[in-house]
Structures are given as C-alpha cells and as structure tokens.
Amino acid sequence: MTAEQIEELLNAQRAYFKSGATLGYEFRMDALGSLYDALVKREGDIADAVKADLGKSAYETYMCETGQIKSEISYLKKHLKSMMKPVKVHTPFSQYPSKGFRVPNPYGNVLIMSPWNYPVLLTLEPLTNAIAAGNTAMVKPSAYSPSVSAVLADILGGIFDERYVAVVTGGRSENAALLERKFDMVFFTGSTNVGREVLRHTAEHLTPVVLELGGKSPCIVDSTAKLPLAARRIVFGKFLNCGQTCVAPDYVLCDERIKDDLVSAICEQITAQFGEHPLERGDYGKIVSEKHFDRVLSLIDESKVVRGGRYDRQALRIEPTVMDGVTWDDAVMGEEIFGPVLPVLTYSDFEEVYSSLADRPSPLALYLFSSDKSHMDGVATRIRYGGGCFNDTIIHLATSELPFGGVGDSGMGAYHGKVGFETFSHVKSILSKSTRIDMGMRYQPYKKGTFSEKMLRSVLK
C-alpha cells in the first residue's frame, strides 16, 4: 500500500469516527460479536497460517492465540456496559453544590502494530480493546508472518468496513508511511530498538503511545522450590513457540546448592515434553527466519551445552538447549535470546539476586519458584519488572483481570480487560455545577477579614 493510499484510508477513518458511528454500546457489542464469530468460523484457516509461518500445532495456536482472544472478547462483552458508564466521584465542599464525573471516551483513530511471534494474539487482542473503547483502528501485522497477515486481512476485511477497521500489509516502507501520519493513539508490540523508533515518530505528533517490548526475563529458583514441578513449568514457558515469546524465561538464576538437581530435572522434562529427538517432531515449531536462526545459534557456547544444541538449518529448527556454567559476561547474556536456549546461572545468597538485577534493564516479566514468603515479598517489591508469576511461568498473560505491560526498557502502558479499555480511552473529568446556588467567596473584590475569606479558609484547609 502506498503512502497516498494510507493517507486516504486514514482520512476515511477520521471521517467515520467523527460521524459518531463507533460510539454506541450496541455498535461495539456487535463488532466484538462479529469478531468472535469469525474466529470460530475461521479457526482452521488461522491454525494453518500459523503453522506455515511458525510451525506451531493447531493445539498450541488455539491455546496461546485464538482461545485467548475469544476469552478476552467474552470478558469485554460481559463488562462493557459498566466500563462505558461515567463514574461519579466525590467533590469538595468548596464546589458545593456540584457533581463530578469521570467519563471514558475513545481516543479516535488508532494504529496497532503487531509482531510475528504471536501474530494473531498480538494483533487481535489489542484490537478487541480498541473496539470496546469505541475507536476506529488501522492494523499493521508483521511482514515476517505473511500467511497470518493474509488471513487476518481476509477475516477483518470480511466483517468490518475499512473505514472502521483496516489491515495494512507490507514491510518497512508501509511502517514508515504509517508512522509519519498523525494518529490519535499508537499501540506497538515488538523489539526495544524498533520501539525507540516508534516513540521518536509519535513524539513528533505528541501522540499517546503504548509500547509492549521485551527484555531478558529472569527465572529465579531458590532452595525451597519444588524442583520437579519447577522444571516442568520452566520448560513449558521457555520452549513454548521455540522460545520466541516476549515473556519467556530468558535465563535461570538459581541457588548454587540446588543447581545440579535443577539442571537434571530440566533436562528430564525436555525429554518428557519434546521426546528424545525434538527436531523430528511434526508439532515442534521453527525459528521465524534464517536471520533470527543464525542470531540464536551465535549465542550458543558448545562448551557449556548440557542438553540439546543440535539444529536443522533447512527446517529452521533448533533443539531445546540448556547451557550450564554461564556467567553474566557470556554472549548469551548480552541480549534477549528469543529462541530455545536456556542459560543457567547461580547465586550463593538470595541478597545477590537483588544486587544482580538492580542495575540491569527492567524486564517484561520475572518468575520466582519458591516456598519462602519473604523471598516472594522481596521479589514483588524490590525488583522492577512488568509482571510475572510465583511458581509458574507465562500464564499471568492469560487472565483479563491482570494488566499486561512493561516498565522502563520493557515498555510503557498496559492492556487486557478493563485496563485495556482504559488504555484506548481518554477519561474526561467533568464537573457539573448547580445553577440554584452561587457561593460568592471566589468573586472579586477580595478583602481580608470578610465573611467570604473566613468561608474560603474554612473549606480550603
């Protein structure tokens, strides 16, 4: 799509929003219902597209993408009426008689830019929040997942007028053309480096922006953890989608006393979940491109591999790989891995966990496996990160009641459920003043010692 076509489409969406068509409760409910029905009808097509782009099974696609979106839509439909209602707030006596309200209004014309690793979920879930809030939306999926992009364009084009929801496919030139336009709000999910570029462009237009980025999300395991269960859940979270998950445990940081037992349990779980020969499994995914494949391989130090390490270049597959004896100075610790490689580091005292993480970029997620309440409290309050789990991985994303978002280097803003509705809304503060009474203490002339001054001091203190 050319820059001129994008401008024309954006103008059409601006006009459509100004008409007020998207504002009503019934309109929003119908749009959410139409999207839900389309997901049901096209579930097979979505699974086939994800398989083509990422090698994932239909089971995994439903669990991690389609099913999650359906659950979010169900939540929004159930709570939309209450979300849309103005919220009455207390007003001080100095404003008597009056009523105060917080009124949610859509931003207007929003741009949603999504990545390739969960191309359905991370396109449609923010879209559901944008629809619920009453916006129009222009959606730009990743060029790295072309099969999914084509299916999404077909699905959304079949149920929505492009003046309301439109899909823009393509690569860097389309991304650049979109970011040069003034939207009312931009929602971006992707890498930190691209996020910086998005923020630079939105700053030119003073456009509100949400950035869902990533980072090296630690998985801390202390000496009180139930190791077999911890290993099972770590392997699930790390190697889901071949490690190409923004909230995957990037590395394990464990108590040195239980390190050998934990590594052994993790290796056993890899075999239990993926078999002796993962590269031969039809439902084991692949790295999205040769460029990313080579980058992940470059992070593997063969001298420290204790499980896995084999790969199939033609199929773009890398085995679930565990590296032991890793230090903070190793190449694998220099960037977000975003692949099926799990480094294991150790600490001798839990206070080291806080000092080790204090000066590092704030990750999108953090996981702690422990039975020690003091460690849970400390990790919740002393370390800065987006969100996470105690005694599990990744699943904090799967509830609409928990906002999802980063902090610092891992992003800004959050979404899911009510918070997602609010993210795509501007909340107006409105004070409605009675015309029956007009207190005179605020009007000129101002004189000391008068009844008006005494009244003013009595109510403002």
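Shown above is the structure to which this text applies.
Residues numbered from 1 in each chain as written. Predicted model: local features only at pLDDT ≥ 70, side-chain atom pairs only at ≥ 80, totals over all residues. Heavy atoms only, no water.

> Can you walk me through the overall build of the protein chain in this structure?
For the protein chain, the helix and strand inventory stands at 15 helices and 20 strands. Its C-alpha atoms give the protein chain principal-axis dimensions of about 85 × 55 × 40 Å. Put simply, the protein chain has 461 residues, and 52% of those count as buried. Counting only carbon and sulfur atoms, one obtains 52% of the accessible surface of the protein chain, whose full area is about 21,000 Å². Taken together, the 52 basic and 56 acidic charged side chains of the protein chain have centroids lying 12 Å from each other. (Helix = DSSP H or I, 4+ residues; strand = E, 2+ residues; numbered from the N terminus. Buried < 20%, exposed > 50% of the residue type's maximum accessible area, 1.4 Å probe, protein only. Areas by Shrake-Rupley, 256 points an atom, 1.4 Å probe, with all protein chains shown as cover. Lys, Arg positive; Asp, Glu negative; His and termini not counted. Charge placed at Lys NZ, Arg CZ, Asp CG, Glu CD.)

> Please clarify how the nonpolar core should be interpreted in this entry.
Grouped burial of nonpolar side chains is what soluble globular proteins tend to show. Core analysis: the largest hydrophobic core is formed by 114 residues, its most contacted members being Leu127, Ile220, Val221, Val252 and Val379. For this core, the leading source of residues is helix α5 (residues 121–133), giving eight residues. What Val252 contacts, discounting residues up to four positions off in sequence, is Cys219, Val221, Ile234, Leu262, Leu342, Pro343, Val344 and Leu345. In terms of nonpolar packing, the next biggest core, distinct from the first, is built from 18 residues, Leu9, Val168, Leu178 and Leu211 among them. (Core = buried A, V, L, I, M, F, W, Y, C linked by side-chain atoms within 4.5 Å. Contact = heavy atoms within 4.5 Å.)

> Would you mind showing me how to read helix α3 (residues 43–54) here?
The periodicity of an α-helix, 3.6 residues per turn, causes residues three or four positions apart to be oriented the same way. Under the 1.5 Å per step criterion, the end-to-end length of α3 is 16 Å for 12 residues, consistent within 8% with the ideal 16 Å. Looking one or two residues beyond α3, the residue adopting positive phi is Gly55, at roughly 75°. (Expected span 1.5 Å × (residues − 1).)

> Got a minute to help me understand unusual backbone geometry in this structure?
Leaving glycine aside, a negative phi is the common case for residues, and trans is the common case for peptide bonds. Omega for the peptide link from Tyr96 to Pro97 comes to -10°, which places this bond in the cis form. Checked against the element boundaries, Pro97 lands in the loop between β1 (87–89) and β2 (98–106). That bond from Gln444 to Pro445 is cis: its omega, 0°, falls within 30 degrees of zero. In this fold, Pro445 is placed in the loop between β20 (425–433) and α15 (451–459). Although it is not a glycine, Asn241 adopts a positive phi angle of roughly 55°. Its location among the elements puts Asn241 in the loop between α9 (227–239) and β9 (251–255). Relative accessible area serves as the criterion here: at 3%, Asn241 is assigned to the buried category. In this structure, His416 takes a positive phi of about 100° despite not being glycine. Structurally, the position occupied by His416 is in the loop between β19 (414–415) and α14 (417–423).

> Any chance you could explain the sheet that holds strand β8 (residues 218–221) here in plain terms?
In sheet architecture, strand pairing relies on hydrogen bonds along the backbone and comes in two forms, parallel and antiparallel. Here we have seven strands laid out as an open sheet, ordered β10-β13-β14-β9-β8-β15-β16, and mixed in their pairing. What marks the edges here is a single partner per strand, and that holds for β10 (305–307) and β16 (387–390). When the angles between neighbouring strand axes are averaged without regard to direction, this sheet yields 25°. Relative to strand β13 (residues 321–323), β10 runs antiparallel, the two sharing two bridges. By the bridge assignment, Val305 is partnered in β13 with Met323. Helix α12 (residues 351–358) contacts β8, β9, β14 (341–347) and β15 (365–369) of the sheet and is inclined by roughly 170° relative to β8. (Pairing = 2+ DSSP bridges. Axes fitted to C-alpha atoms, helices over the stretch in contact; angles between N-to-C directions.)

> Can you help me understand the environment of Ser173 in this one?
Tracing the backbone through its elements, the reader meets Ser173 in helix α7 (residues 172–179). Owing to a relative accessible area of 53%, Ser173 belongs among the exposed residues under this scheme. As for Ser173 and Pro320, which are separated by 147 residues in sequence, their C-alpha atoms are 35 Å apart.

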